[in-house]
Amino acid sequence: MRPDLEKHLIGGGVLATLLALWEAAPAFNWVDPLFISSPTRVIQAARDLFRTGEIWPDIAASATEFLWGYLAAIAIGVPLGLVIGWYRRAQYIFGPFIDVMNAVPRITFLPLLVLWFGIGVWAKLAVVFLGAVIPIAIA
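Quick summary incoming for the structure in this document. Keep in mind it's a predicted model, so treat the numbers as computed, not measured.

## Digging into the overall build of the protein
Right, so step 1: On a plain count of helices and strands, the protein comes out with six helices and zero strands.
Right, so step 2: The order of α-helices and β-strands along the protein, N terminus first, is α-α-α-α-α-α.
Right, so step 3: Against the 2.2 N^0.38 benchmark of 14 Å for 139 residues, the protein shows a C-alpha radius of gyration of 22 Å, more extended than a compact globule.
Right, so step 4: Referenced to the eigenvectors of the C-alpha coordinate spread, the extents of the protein come out at roughly 65 × 45 × 25 Å.
Right, so step 5: Taken over 139 residues, the protein has a buried fraction of 19%.

The structure is reproduced here in structure tokens:
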């Protein structure tokens, strides 16, 4: 058997098996459906949300928060990266902070962001900003 075909067959088989187990778990009461739903219920709920249009305001709000957070990251990250790249002393000053921020998983900062910004719009903007500014500055 060709290696690429074998890879796709095994990967597809594992995915199909996991989806079948996920579907079966709430159906056979292996887990409480309150805690984990089945894929068909998730798809049905998504279809209902799109059909009624109830999801569009939420998508618009999330897209707006993402856009503003990413634009802020670009506005800070690009000039910071250019300054660090052009000036050796700027590299000496900012380089260690950039390296540490790049090495630490950004998810570890989520508790601090929640404490500082709460769970509102500013926290979401901060999460997007923090996730994007370091890679942008490095690039």
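## Details of the side chain of S38
Right, so step 1: Mapped onto the elements of the fold, S38 is located in the loop between α1 (3-27) and α2 (39-52).
Right, so step 2: A relative accessible area of 5% places S38 in the buried class.
Right, so step 3: A polar contact of 3.5 Å, which involves the side chain of S38, links it to the side chain of E23.
Right, so step 4: At 3.2 Å, the side chain of S38 forms a polar contact with the side chain of T40.

## Side note on the pattern of salt bridges
Right, so step 1: Under the defined criterion, the tally for this structure stands at three salt bridges.
Right, so step 2: One salt bridge connects R2 with D4, and the closest N-O pair in it is separated by 3.3 Å.
Right, so step 3: Taking relative accessible area as the criterion, R2 reaches 53% and is therefore assigned exposed.
Right, so step 4: Residue D4 is classed as partly exposed on the basis of its relative accessible area, which comes to 37%.
Right, so step 5: We note a salt bridge from D48 to R51, for which the minimum N-O separation is 3.3 Å.

## Some points on the packing of helix α3 (residues 56-86) against helix α6 (residues 121-138)
Right, so step 1: Where α3 meets α6, the closest approach of the two axes is 7 Å, and the angle between their N-to-C directions is 35°. In the packing of α3 onto α6, the handedness of the crossing is right-handed.
Right, so step 2: Here the contact of α3 with α6 is built from residues that sort into 17 nonpolar, three polar and two charged.

## A short note on the side chain of E65
Right, so step 1: Among the secondary structure elements, E65 is positioned in helix α3.
Right, so step 2: Leaving out residues up to four positions away in the same chain, E65 has contacts with V121, K124 and L125.

Rules and cut-offs
Residues numbered from 1 in each chain as written. Predicted model: local features only at pLDDT ≥ 70, side-chain atom pairs only at ≥ 80, totals over all residues. Heavy atoms only, no water. Helix = DSSP H or I, 4+ residues; strand = E, 2+ residues; numbered from the N terminus. Rg over C-alpha atoms; globule rule 2.2 N^0.38 Å. Buried < 20%, exposed > 50% of the residue type's maximum accessible area, 1.4 Å probe, protein only. Polar contact = N/O pair within 3.5 Å; in protein donor to acceptor, adjacent residues only side chain to side chain. Salt bridge = Lys/Arg side-chain N within 4 Å of Asp/Glu carboxyl O. Axes fitted to C-alpha atoms, helices over the stretch in contact; angles between N-to-C directions. Left-handed = near helix turned anticlockwise from the far one by under 90°. Nonpolar A, V, L, I, M, F, W, Y, C, P; charged D, E, K, R; others polar. Contact = heavy atoms within 4.5 Å.

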